[in-house]
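# Breakdown of the fold
If you want the building blocks of each chain, they are given just below.
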Amino acid sequence: MKSILISFTCLLALAGCQVVPDRLPQAEPAPAAACYFPVSTEAALDISVDVLTEWGFSLNSTDTALGLVSASRERPLHGYYDPYDNAYGYGRGMRVFGGVGVGGGRSGIGVGFGGIGFGGGIGQQPVEVERVSLLVSEGHIRISRDIRRFDHLGDLRESYSASNDDFCQRFQTSVEQSIPASVRPL
């Protein structure tokens, strides 16, 4: 009974150490002003899809009723250096055990190994995945873009919002140039 009381007290003490975030997650840096721009045609959704596919993106999902498009493209990162690769002294690209556990109790002792894998990631390339989401609504296009980099083991190593002026201005220019001359405003 005494050990249960001590365990419960420790559990309550640890529960009190949890920290509640002071704000909800936000895209940092904030999307550039160029990522929200007016468009002068009803076919903006179709034109936007055409521009994305020309740029090498694959459509992940679309909802034409909402005017929403989600697309991504992937490219290999040749020579990508991962600063965390040798962080634990196991060597580059070497995972000895996925997890190790030892437990004991009054009636027995248990030992467990999970996910044994030697040399994981050999022959695999680090990749960069670029995702773009578009919302075409009420004569405007809103762009959201992020980039994620994965190491040769498939672990996420970098992730950031990439809704910057350069990408959004190039996208806006391509959309405006793709609008047929017959529907362009004078």
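Below, the structure is looked at part by part. Remember, predicted model here, so these are calculated numbers, not experimental data. Throughout this description, residue numbers start from 1 for each chain and increase along the sequence as written. In view of the model being predicted, local features appear only for residues whose pLDDT reaches at least 70, and side-chain atom pairs are presented and counted only at 80 or more, with totals across whole chains, interfaces and linings using the full set of residues. No hydrogens and no water enter the side-chain calculation; it runs on all heavy atoms of the structure.

### Description of the packing of aromatic side chains
Centres within 6.5 Å make a pair out of two Phe, Tyr or Trp rings, where for Trp the six-membered ring is used; the pair is then stacked when the planes are under 30 degrees apart, edge-to-face when over 60, and tilted otherwise. Tallied over the full model, the rule gives two aromatic pairs. An angle of 75 degrees between the planes, with centres 5.5 Å apart, marks the rings of Trp55 and Phe167 as edge-to-face. With Trp55 in the loop between helix 2 (44-54) and strand 2 (58-63) and Phe167 in helix 3 (residues 165-178), this pair connects stretches of sequence that are 112 residues apart. Ring geometry for Trp55 versus Phe171: centroids 5.8 Å apart, planes at 85 degrees, classification edge-to-face. Numbering of helices and strands runs from the N terminus; a helix is a DSSP stretch of H or I covering at least four residues, while a strand is a stretch of E covering at least two.

### Looking at the pattern of salt bridges
Throughout this description, the term salt bridge denotes a Lys or Arg side-chain nitrogen within 4 Å of a carboxyl oxygen of Asp or Glu. Per the stated rule, a full pass over the model turns up eight salt bridges. A salt bridge links Glu130 to Arg73, with the nearest nitrogen and oxygen atoms 2.7 Å apart. On the criterion of sequence distance, the pair formed by Glu130 in strand 6 (residues 127-137) and Arg73 in strand 3 (residues 68-76) is long-range, its members being 57 residues apart. A relative accessible area of 27% places Arg73 in the partly exposed class. A salt bridge links Glu158 to Arg149, with the shortest nitrogen-to-oxygen separation between them at 3.7 Å. A single salt-bridge network, built from bridges that share partners, covers Arg75, Glu128, Arg149 and Glu158. A simple rule labels every residue: compare its accessible area, found with a 1.4 Å probe on the protein chains alone, to the largest value its type can have, and call it buried under 20%, exposed over 50%, or partly exposed in between.

Geometric values such as these leave the question of function open.
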